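A structural walkthrough
The chain contents come next:
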Amino acid sequence: MVVNGDVRHGDPGHGAFLKACRREPVPHTPVWFMRQAGRSLPEYLKAREGVAMLEACARPDLIVEITMQPVRRYAVDAAIFFSDIMVPLKAIGVDLEIAPGVGPVIADPIRDAAGAARLRPLVPEDVPYVSEAVRGLVGELRGTPLIGFAGGPFTLASYLIEGGPSKNHDRTKAMMYGEPALWAELMDRLADITIAFLKVQVTAGASAVQVFDSWVGAVAPEDYRASVLPHTSRIFAEIEALGVPRIHFGVGTGELLGLMGEAGADVVGVDWRVPLDEAARRVGPGKALQGNLDPAILFAPWDVVERRAKDVLARGRAAEGHVFNLGHGVLPSTDPDVLARLADLVHEASAR
């Protein structure tokens, strides 16, 4: 809430977000929104004016400001670090840009062993601005948890192999199916980079991490088990010793939810396609769930938003822990006032 012009914080005193991730009792269902740091906020657009995405992700002052913007507006229970999944690849020398309206574009796509060999390990000195920004944010957030994040290896591999966004991931799958040794080498290197990037954020003070393997839903379950799961499992195993909750999210992953549960995260993110009670059944015991209101519902009249949000909360009770979120990121033309109302609704409707 806003008190004397102070920022809105969801519930830093009770730590509802971290408790829900750990499947502990909570005073209310915690809420945060994927892509809440920016996208729809006018103050974000102003801060980013004339600044390219990857430049913004390398400036500690902008990272802190943009990460804090939604926390000032909404009663969210966690902040998400403002960055991009391509940041660690740029930091190790991959020639890439994020083209407005397109996404990541790779100048020299990886199609062979020589290309894979160019991916060197990430060291903390490659991303000093990340450590500086996380430390600054921990001070500003005053107890609200900060979620660090990184891209999952399949999604990073797809951008690197295709040379940019892809509808069918055809070259990516061709390598996965037809050149398994090269695929394993590429995935190993990407897993190492993801682990290092997450460790930098947690070491600097992040309270939780999320791995966005956004496009892994393109993979069939048997191929996920053989060609993706070993690498994702290694990421979560390496992070476990840091003692922070680990969240695993992908889009279109309804058929993979059980396998994503096996990968080792504490929380499985669910997109809007599978109801949370069914997702709980697929994931199985011992995991919390995160999700999963369709981002497009926020464009409907408020009575529809309210009804659908309460349905998500009701179905989320089937899980051992539930973090309310959208089923994917906030859409750019979303009305910030609707998000503010939604965060308040989640707290009020779920108060224990």
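Quick summary incoming for the structure in this document.

Reading the values: rules and limits
- Residues numbered from 1 in each chain as written.
- Predicted model: local features only at pLDDT ≥ 70, side-chain atom pairs only at ≥ 80, totals over all residues.
- Heavy atoms only, no water.
- Core = buried A, V, L, I, M, F, W, Y, C linked by side-chain atoms within 4.5 Å.
- Buried < 20%, exposed > 50% of the residue type's maximum accessible area, 1.4 Å probe, protein only.
- Helix = DSSP H or I, 4+ residues; strand = E, 2+ residues; numbered from the N terminus.
- Contact = heavy atoms within 4.5 Å.
- Phe/Tyr/Trp six-rings, centres within 6.5 Å; stacked < 30°, edge-to-face > 60°.
- Pairing = 2+ DSSP bridges.
- Axes fitted to C-alpha atoms, helices over the stretch in contact; angles between N-to-C directions.
- Parallel < 35°, antiparallel > 145°, perpendicular 65-115°, else oblique.
- Left-handed = near helix turned anticlockwise from the far one by under 90°.
- Nonpolar A, V, L, I, M, F, W, Y, C, P; charged D, E, K, R; others polar.
- Polar contact = N/O pair within 3.5 Å; in protein donor to acceptor, adjacent residues only side chain to side chain.
- Salt bridge = Lys/Arg side-chain N within 4 Å of Asp/Glu carboxyl O.
- Expected span 1.5 Å × (residues − 1).
- Right-handed = clockwise from strand over helix to strand, strands pointing away.

A general feature of soluble globular proteins is that nonpolar side chains tend to end up buried together. Ranked by size, the top nonpolar core spans 128 residues in total, and within it Phe17, Phe33, Tyr224 and Leu342 carry the most contacts. Sort the elements by how many residues they give to this core and helix 10 (residues 180-204) lands first, with 14 residues. When sequence neighbours within four positions are dropped, the list of residues in contact with Leu342 reads Phe33, Leu293, Leu298, Trp302, Val305, Ala309, Phe324 and Leu326.

A word on the packing of aromatic side chains. Taken as a whole, this structure holds 5 aromatic pairs when the rule is applied. With a centroid separation of 6.2 Å and an interplanar angle of 80 degrees, the aromatic rings of Phe212 and Phe249 are classed as edge-to-face. Of this pair, Phe212 sits in strand 5 (residues 208-212) while Phe249 is found in strand 6 (residues 246-249), placing the two residues 37 residues apart along the sequence. Within the aromatic cluster, the residues linked to one another by ring pairs are Phe149, Phe212 and Phe249.

Across 4 bridges, the pairing between strand 2 (residues 96-99) and strand 3 (residues 103-106) is antiparallel. Of the residues in strand 3, the one forming a bridge with Glu97 is Val105. Between strand 2 and strand 3, which pair antiparallel in sequence order, lie 3 residues; one of them, Gly101, sits at a positive phi of approximately 80 degrees.

So, on to the packing of helix 15 (residues 302-316) against helix 16 (residues 336-350). In the contact formed by helix 15 and helix 16, the axes pass within 10 Å of each other and the chain directions differ by 45 degrees. Taken together, the axes of helix 15 and helix 16 are oblique relative to one another. Judged by the twist between their axes, the crossing of helix 15 over helix 16 is right-handed. Two secondary-structure elements touch here, helix 15 through Trp302, Val305, Glu306, Ala309, Lys310 and Leu313 and helix 16 through Val338, Arg341, Leu342, Leu345, Val346, Ala349 and Ser350. Per-class residue counts for the contact of helix 15 with helix 16 are 9 nonpolar, 1 polar and 3 charged.

A word on the side chain of Asp271. Within the secondary structure, Asp271 is located in the loop between strand 7 (267-269) and helix 14 (276-283). We classify Asp271 as buried; its relative accessible area is 2%. From its side chain, Asp271 meets the backbone nitrogen of Gly252 in a polar contact 2.6 Å long. When sequence neighbours within four positions are dropped, the list of residues in contact with Asp271 reads Phe249, Gly250, Val251, Gly252, Thr253, Asn292 and Gly327.

Attention shifts here to the pattern of salt bridges. Applying the stated criterion to the full structure yields 19 salt bridges. A salt bridge links Glu238 to Lys199; the shortest N-O distance between them is 3.5 Å. In this pair, Glu238 is assigned in helix 12 (residues 229-240) and Lys199 in helix 10, connecting sequence segments 39 residues apart. Residue Arg282 is joined to Glu278 by a salt bridge in which the shortest nitrogen-to-oxygen separation is 2.8 Å.

Once that is clear, we can look at the sheet that holds strand 8 (residues 288-293). Reading across the sheet, the 7 strands line up as 1-4-5-6-7-8-9 and stay open at both edges, with parallel pairing between neighbours. The open sheet is flanked by strand 1 (79-80) and strand 9 (322-326), the only strands paired with a single partner. Sheet topology note: the strand 5/strand 6 ladder contains 4 bridges and is parallel. Bridge pairing in strand 6 links Val211 to His248. Set on the sheet, helix 15 makes contact with strand 8 and strand 9; between it and strand 9 the angle comes to about 150 degrees.

This part is about helix 12. Under the 1.5 Å per step criterion, the end-to-end length of helix 12 is 16 Å for 12 residues, consistent within 8% with the ideal 16 Å. Every buried residue of helix 12 is listed here: Leu229, His231, Thr232, Ile235, Phe236 and Ile239. Residues of helix 12 that are buried in the fold lie against helix 8 (153-162), helix 10, strand 5, helix 11 (221-227), strand 6 and helix 13 (257-262).

Attention now goes to unusual backbone geometry. Excluding glycine, residues mostly have negative phi values, and the peptide bonds linking residues are mostly trans. Going from Gly291 to Asn292, the amide bond is cis rather than trans, its omega being -5 degrees. Inspection of the secondary structure puts Asn292 in strand 8. We note that Arg35 has phi near 60 degrees; this positive angle belongs to a residue other than glycine. The phi dihedral of His169 falls on the positive side, at around 55 degrees, and the residue is not glycine. Structurally, His169 can be placed in the loop between helix 8 and helix 9 (170-178). Classification of His169 by relative accessible area gives buried; the value is 6%.

Let us look at the environment of Arg73. In this structure, Arg73 sits in helix 4 (residues 60-73). The spatial distance from the C-alpha of Arg73 to the C-alpha of Ala340 is 6.7 Å, given a sequence separation of 267 residues.

Of all 5 residues making up strand 9, 5 are buried, and the element is well covered by its neighbours. Side chains His322, Phe324 and Leu326 of strand 9 all project onto a buried face; the interleaved residues Val323 and Asn325 project onto the opposite face, where all are buried too. Bridge count for strand 8 against strand 9 is 5 bridges, and the pairing is parallel. By the bridge assignment, Gln290 is partnered in strand 9 with Val323. Note that the unit made of strand 8, helix 15 and strand 9 has a crossover that is right-handed.

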